[in-house]
Amino acid sequence: MSNAIVQQRGIGAMIWDYITTVDHKKIAHLYLVAGGLFFLIGGLEALIIRIQLMQPDSNFISAGLYNEMITMHGTTMIFLAAMPLIFALMNAVVPLQIGARDVAFPFLNSLGFWLFLFGGLLLNVSWFTGGAPDAGWTNYAPLSSTSPGHGVDYYVMGLQIAGAGTLIGGINFLVTIINMRAPGMTYMRMPLFTWTTFITSVLILFAFPALTVGLFLMMFDRMFGSAFFDVTAGGNAIIWEHLFWIFGHPEVYILILPVFGAFSDIFSTFSKKRLFGYSAMVFATVLIGFLGFMVWAHHMFTVGLGPIANSIFAVSTMAIAVPTGIKIFNWLFTMWGGSIKLSVAMLWALGFIPTFTIGGMTGVMLGSAAADYQYHDTYFVVAHFHYVIVGGTVFGLFAAMHYWWPKMFGKVLNEKLGHLGFWPFFIGFHLTFFIQHFLGLMGMPRRYWTYFEGQGLATGNLISTIGAFLMAIGTLVFLYNVVYTAIKEPKASADPWDGRTLEWSLPSAPPFYNFKQTPLVRGLDPLWIEKMEGRKGITPAEPLGDIHMPNGSILPFLMSMGLFIAGFGFIYQVDNKLWFIAVAVGMGLFFASMFTRSFKDDLGYHIHKEDLIEKGDGKE
Amino acid sequence: MSHDDVLNPKHMPHDPEKATLEGKNKFVGFWMFLGGETVLFASLFGTYLALSGSTSGDNTPENLFGLELVFIMTMLLLTSSLTSVYAMYHMKNHDFKKMQLWLGVTVLLGLGFLGCEIYEFYHYIHEYGFTFRSSAFGSGFYTLVGFHGGHVLFGLFWITSLMIRNQKRGLNLYNAPKFYISSLYWHFIDVVWVFIFTVVYLLGKVG
């Protein structure tokens, strides 16, 4: 079925193809486009925030709208931009790096994407239906549980749906990496990006259910009259904070670990050396993942958990600096004595090291519980987490996109435009956020709508806003580069960077079955080993044979749409019980699709050996 | 080689649930999923423990819970776990009919459990006026136990669907993993109930 569809190339056929696709490479495209759009929306929200704060006593937007802006900026950037963009990279790269033809559960892969997209859409519909969520991205009770209107309801339902998609994606990558590695690809030969994807997936698996429960409790309190966070009925608002941060702290490692992996691959490729301290890097990744679950209460130092709890969490927080430091030094030692090529990907990676180190350092400062009482809820915190999330994750995403763009789209992004985009973003970033450390130390609280004149905050805020616009210019240059490359640049070769790992042994972009023959992996950096021994490609592990492929399916789209419809029903049944019809319709669609999936056998199809030989054997 | 030949081999392997790559993937993936479910229930248990003292009026755990009913429920669910093991034993011996029979017994025991739970909730609401909204304890109790009950309900639908779907064609390498993971799920539900029995009911009575 999908064979026939792939070969027609009308616009309608292409849309149908993408809606029903289960191919990890196409799902990567979907994640990239959707995540990119949400990144732009989140960026616009950031610009509006910065315009509001550009001068004292500003009235650019109202206080209520400002609350919606900061809430949606944070929520969008974390859940709808950073995570999907990371999933785009994982989907595009991990199966190729381990020599697999697809992920373990192609159907679930598609379901994960559509759940995320419909969840994100639901969240953003709130702008047009009477107000977005306004209780901050952390959505603390009782501010959130008593917030009037339906804004927070959208937060609850949207994140619940999107979160389910993320959890599914995490399980999928775990099984893919455990079960689908090519012969010879032992755990300690996996590229670092695959390793960090693996650990990240573990974090997703054990962190997201806590958010799921938190969101359910919030949903029950707001929509069905339960009393979890209602202190007058014996509830306890701190439960939300615990559940949120038990999820929320691993979440920041979910955001940063994959790009650590990408940086490792990039440093090693562009220094023409194998990664320094590979096993230490793996161990540090595992340790960060483990410790990531032990530190959630450092977000709650000022709640009043007591000195003992605060001390324990302070110590475990500072302990994470150790494996992170190991990583920083190993990256430096990878470059040491290497023949460095300053490509755009490498430039972003180089920019990342000092930036992230500053962010890590302020992290240790914040981790000191006694000092945190001073920093808490000031712009110092805002500066800190933007240094790690923008300086780490966003820089990493830019680096990784420049690095893997040829593998995803078959063309190398224009390097000149890449350099041109880097500098305004990099300088703009430091202008925006470096000064915020000092604004925070001077006492400017985060999330405040405005500030008075004569408090010495005006200049700093103006500088910060100018920086934000420079970042916007950098982003626009990148977008221009994407269009320019698509139109003007020639097709890329299989291995434009002289790469070391398996994905560079395939054509750019790879055929839909990835590997004609499953590769035989003979060591760390398998492609490099083959190159050093004078071979052109990877040695196959099997003779040419039929390839089994999964069928496309519309069901993931329908299931997600069902939950989307039901989401509206849950939100508005508070006003009018007739909305339960929407719940019934939506859940009906969801379960009917699920039932169909269970009852209809889906055995996939085979690509025959003869067809594989016909398809351009000359390249090999 | 067509799919039929692959999925219906002349000699079924000893572990039909793990004989194909799809089967192995489902096996590992479902264990992972259960790991996530563990965190989900752990969060619910934590919430319940934090709120179990926030009662209103006479509706305390001590006054509400009756261990007789809960004992019967526990026995029903524990036995159903055992019968699902029998079903999987027959699956490994490729005896489809006996597998269906024991799965049928499992479903009946599960239904019995669910019936008791519905009676229990009905009893609390109508005899004691103890509801989801009456106190934070009520919210915590119904959410934790209700999530478990919802899992039981889903499991019943799941196992029944599999039984009906494959009634005519018997066991093959395509449906064996499906039967197997549904029984894994059933065990998990059972384990969660053991914790609910201990943490909610026993601690509620004597704690």
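Source: prediction; values computed, not measured. (Residues numbered from 1 in each chain as written. Chains lettered and ligands numbered in written order. Predicted model: local features only at pLDDT ≥ 70, side-chain atom pairs only at ≥ 80, totals over all residues.)

A. Spatial organisation of the interface of chain B and chain A. Across the contact, 28 residues belong to chain B and 30 residues belong to chain A. Elements with a contribution of two residues or more to the side of chain B that touches chain A: helix H2 (21-51) and helix H6 (136-166) of chain B. If one sorts the elements of the side of chain B that touches chain A by residue count, H2(B) sits on top with 15 residues. A class-by-class count of the residues in the side of chain B that touches chain A yields 12 nonpolar, 13 polar and three charged. (Contact = placed C-beta atoms within 7 Å. Helix = DSSP H or I, 4+ residues; strand = E, 2+ residues; numbered from the N terminus. Nonpolar A, V, L, I, M, F, W, Y, C, P; charged D, E, K, R; others polar.)

B. Unusual backbone geometry, seen in detail. Residue and element names in this part refer to chain A. The omega angle of the peptide bond from Ala 141 to Pro 142 is 0°, so this bond is cis rather than trans. Within the secondary structure, Pro 142 sits in the loop between helix H5 (106-125) and helix H6 (151-179). Residue Ser 508 is joined to Ala 509 through a cis peptide bond whose omega torsion reads -20°. Here Ala 509 lies in the loop between helix H16 (458-488) and helix H17 (526-532). Of note in the backbone geometry, Arg 447 takes a positive phi value of approximately 70° without being a glycine. Checked against the element boundaries, Arg 447 lands in the loop between helix H15 (415-441) and H16. Given 14 C-beta atoms within a 10 Å radius, Arg 447 is considered partly exposed. Phi at Asp 525 is positive, roughly 55°, even though this residue is not glycine. Inspection of the secondary structure puts Asp 525 in the loop between H16 and H17. (Buried ≥ 20, exposed ≤ 12 C-beta atoms within 10 Å, placed from the backbone.)

C. Spotlight on the UniProt feature "domain: Heme-copper oxidase subunit III family profile" (unreviewed entry) in chain B. Following the UniProt record, one finds the feature "domain: Heme-copper oxidase subunit III family profile" (unreviewed entry) at residues 28-205 of chain B. Spanning residues 28-205 of chain B, this segment combines 83% helix with 0% strand, and its end C-alpha atoms are found 39 Å apart. (UniProt positions renumbered as here; feature names shortened; annotations may be inferred.)

D. View of helix H12 (residues 344-367) of chain A. Taking 1.5 Å per residue, 24 residues should reach 34 Å; H12(A) reaches 34 Å between its end C-alpha atoms and fits that length. Of all the bends in H12(A), the greatest, near 30°, is centred on A:Ile353, and the proline A:Pro354 appears no more than four residues after it. (Expected span 1.5 Å × (residues − 1). Bend = angle between axes of the 7 residues up to and from the residue.)

E. The arrangement of the UniProt feature "domain: Cytochrome oxidase subunit I profile" (unreviewed entry) in chain A in detail. Under the UniProt annotation, "domain: Cytochrome oxidase subunit I profile" (unreviewed entry) lies at residues 10-522 of chain A. End C-alpha atoms of residues 10-522 of chain A are separated by 43 Å, and the span's content is 69% helix alongside 0% strand.

F. Focus on the confidence of the model for chain B. Of all residues in chain B, 98% have pLDDT values of 70 or greater, and the mean over the chain is 94. As a predicted assembly, this complex carries a pTM of 0.95 together with an ipTM value of 0.96. (pLDDT = per-residue confidence, 0-100.)

G. The packing of helix H3 (residues 24-52) of chain A against H5(A), seen in detail. Residues and elements named next belong to chain A. Packing of H3 against H5 leaves a shortest axis separation of 10 Å and a crossing angle of 15°. With respect to H5, the element H3 is oriented roughly parallel. By crossing handedness, the relation of H3 to H5 is classed as left-handed. When H3 is examined against H5, the residues His 24, Ile 27, Leu 30, Tyr 31, Ala 34 and Phe 38 are found in contact with a partner set consisting of Asn 109, Ser 110, Phe 113, Leu 117 and Gly 120. Looking at side-chain class alone, the contact of H3 with H5 contains seven nonpolar, four polar and no charged residues. (Axes fitted to C-alpha atoms, helices over the stretch in contact; angles between N-to-C directions. Parallel < 35°, antiparallel > 145°, perpendicular 65-115°, else oblique. Left-handed = near helix turned anticlockwise from the far one by under 90°.)

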